[in-house]
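# A closer look at the structure
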Amino acid sequence: MIKSQTWIEFGVGDILIVPFHDDKDEVFGLILQNKKDRHIGDYDGPYLPKEDDTTISFSSLESLEVFIKQLELIKKEMQKTNESGEK
């Protein structure tokens, strides 16, 4: 498995994902925050910033489209794996 300095693992619901838009800098993005005891997709707002939050920001639509495309490729691979029963 490839590991880097920052490792974010999705799959058990312990990461809150909050979209944001900074009007001043014209930046859009996502804030990822560690949470405990949640189900995947639950939102227990309001969002309260923490020092160890992770931010993914996009200053151009093109960069967001590339990010989404890569997520879609991952999704297709996961679907194939799930359909074939591999883990």
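Above this note sits the structure.
This one's a predicted model, so the numbers in the text were calculated from it and none came from an experiment. (Residues numbered from 1 in each chain as written. Predicted model: local features only at pLDDT ≥ 70, side-chain atom pairs only at ≥ 80, totals over all residues. Heavy atoms only, no water.)

The next thing to look at is the pattern of salt bridges. Considering all chains together, one arrives at one salt bridge under this definition. Measuring nitrogen to oxygen at the nearest pair gives 3.3 Å for the salt bridge that ties Glu77 to Lys80. Here Glu77 pairs with Lys80, and both are found in helix H1 (residues 61-84), just three residues apart, close to one helical turn. Take Glu77: its relative accessible area is 46%, and that puts it in the partly exposed class. (Salt bridge = Lys/Arg side-chain N within 4 Å of Asp/Glu carboxyl O. Helix = DSSP H or I, 4+ residues; strand = E, 2+ residues; numbered from the N terminus. Buried < 20%, exposed > 50% of the residue type's maximum accessible area, 1.4 Å probe, protein only.)

Time to look at the pairing of strand S1 (residues 15-22). Relative to strand S2 (residues 27-34), S1 is paired through eight bridges, and the arrangement is antiparallel. Paired with Ile15 across the bridge in S2 is Asn34. Between S1 and S2, which follow one another and run antiparallel, lie four residues, and Glu26 among them has a positive phi close to 50 degrees. (Pairing = 2+ DSSP bridges.)

Inspection of the secondary structure assignment puts Asp53 in the loop between S2 and strand S3 (54-58). One buried charged side chain, Asp53, makes no salt bridge at all; its nearest oppositely charged neighbour is Lys50, positioned 6.4 Å away. In this structure Asp53 touches Ile31, Leu32, Gln33 and Tyr47, once residues within four positions along its chain are discounted. (Lys, Arg positive; Asp, Glu negative; His and termini not counted. Contact = heavy atoms within 4.5 Å.)

Here we take up the sheet that holds S2. As a general point, the strands of a sheet are linked pairwise by backbone hydrogen bonds and lie either parallel or antiparallel. Pairing in this open sheet of three strands is antiparallel, and the strands run S1-S2-S3 from one edge to the other. Two strands bound the open sheet, and with one partner strand each, they are S1 and S3. Averaged over all neighbouring strand pairs, the angle between strand axes comes to 20 degrees, with direction disregarded. (Axes fitted to C-alpha atoms, helices over the stretch in contact; angles between N-to-C directions.)

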